[in-house]
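The primary structure of each chain is shown beneath.
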Amino acid sequence: MTYKIDELIALLECEVKGDAKVNITGLSPFFQAKEGEVTFASDEKFLKKLDETKASVIIVPAGIELPENGKTYLLVKDNPRVLMPKLLAFFKRKLKKMEKLVEDSAEIGEGSSVGINAYIGHNVKLGKNVTIYPNVTICEGVEIGDNTVIYSNVTIREFCKIGKECVIQPGAVIGSDGFGFVKVNGNNTKIDQIGAVIIEDFVEIGANTTIDRGTIGNTLIKKYTKIDNLVQIAHNDIIGQNCLIISQVGIAGSTEVGDNTTLGGQVGVAGHIKIGSNVMVGAKSGIIGNVDDNQVLAGHPLMNLKDDLKVKAAQKKLPELLKRVKELEKKL
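Attention shifts here to the nonpolar core. Of all hydrophobic cores here, the largest spans 46 residues; its most connected members are I132, I138, I144, I156, I174 and I199. With residues near it in sequence (within four places) discarded, I132 still touches S113, V114, G115, A118, I120, L126, I138, I144 and I150. Core analysis: the next-biggest nonpolar cluster, separate from the first, contains 25 residues, C14, I24, M84 and I216 among them.

Attention now goes to the pattern of salt bridges. What the rule picks out here adds up to seven salt bridges. The salt bridge partner of E68 is K17, with a shortest N-O separation of 3.4 Å. Linking E68 in the loop between strand 4 (57-61) and strand 5 (72-76) with K17 in strand 1 (residues 15-17), this pair joins segments that are 51 residues apart in sequence. A salt bridge links R157 to D177; the nearest nitrogen and oxygen atoms lie 3.1 Å apart. Of this pair, R157 sits in the loop between strand 14 (155-156) and strand 15 (161-162) while D177 is found in the loop between strand 17 (173-176) and strand 18 (181-184), placing the two residues 20 residues apart along the sequence. A relative accessible area of 29% places D177 in the partly exposed class. Each of the salt bridges in this network shares a partner with another, and the network as a whole consists of R157, E158, D177 and K190.

Before going further, it helps to examine the sheet that holds strand 11 (residues 137-138). Judged by pairing direction, the sheet is parallel, and its nine strands sit side by side in the order 8-11-14-17-22-25-28-31-34 without closing on themselves. Looking at the sheet topology across the chains shown, the edges are occupied by strand 8 (119-120) and strand 34 (286-287). Examined bridge by bridge, strand 14 and strand 17 share two bridges and lie parallel to one another. Considered in strand 17, the bridge of I156 is made with I174.

Scoring rules and cut-offs
Residues numbered from 1 in each chain as written. Predicted model: local features only at pLDDT ≥ 70, side-chain atom pairs only at ≥ 80, totals over all residues. Heavy atoms only, no water. Core = buried A, V, L, I, M, F, W, Y, C linked by side-chain atoms within 4.5 Å. Buried < 20%, exposed > 50% of the residue type's maximum accessible area, 1.4 Å probe, protein only. Contact = heavy atoms within 4.5 Å. Salt bridge = Lys/Arg side-chain N within 4 Å of Asp/Glu carboxyl O. Helix = DSSP H or I, 4+ residues; strand = E, 2+ residues; numbered from the N terminus. Pairing = 2+ DSSP bridges.

Structure (structure tokens):
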């Protein structure tokens, strides 16, 4: 799909430096952008690395010094982040009207079955031997690989991709909008979420788990990862291979989890951090910063599991310790 840069320039009311007739194919994050795509740089860490993105068009604040690197720059008066609602609405793909339970353009592979009251949207592609249970909603442009099973009341939103040999348990939601808002004139204003969710092969998603679509770019669940019931994975997260994510874990946006990592039940994970590979984190822990590879951790604040167990053991002795301190204070 291509977009007219003239319309984007008019929408943003910006000045142009460079080729004002370049063809644009979409919007992408700064470091993931490809030639022909648009990205934006509002923070200092991106403005210092304008040569490092492959995007053809970069939206930047007006009044900054720009390198001569053959790219097209759109100079905006407002902070690019404030313009995000307009920008994302411009690049959001238009959806076709729902007309039939199974739309004519849907492709259903050999041996696949679709249950009662399931909706199969426009341009959906189901591989071979896919099983769709009753009351499932599969929206426009979704692709599902061979031998995958989708249980009842699952919703898979538009343009998401599910690999082969996956299992999605009842009530899961794949591709719901991420929790994306910016302050515009003091009001919380919704940002369209134009990315998708990519789930690789041999992944299992538990009942009533929710995986949000990316704001720009995709949320990614890599192969052989198993996710329990009632887990929340936010927009633009990347979950590595062979991970185990246990019930009621919540992972905030733009966080990356390495391979072979296990997060115990009710672990809370902050956004914009990296958790290494071969990490185990005990139940009810809180992760607020980067975590290196090959560790066994627990607690909040997070620490080595053995140290956390000592802290918990010591906490049981606090009432008696306080009593002894008060007695000593009286004697003094």
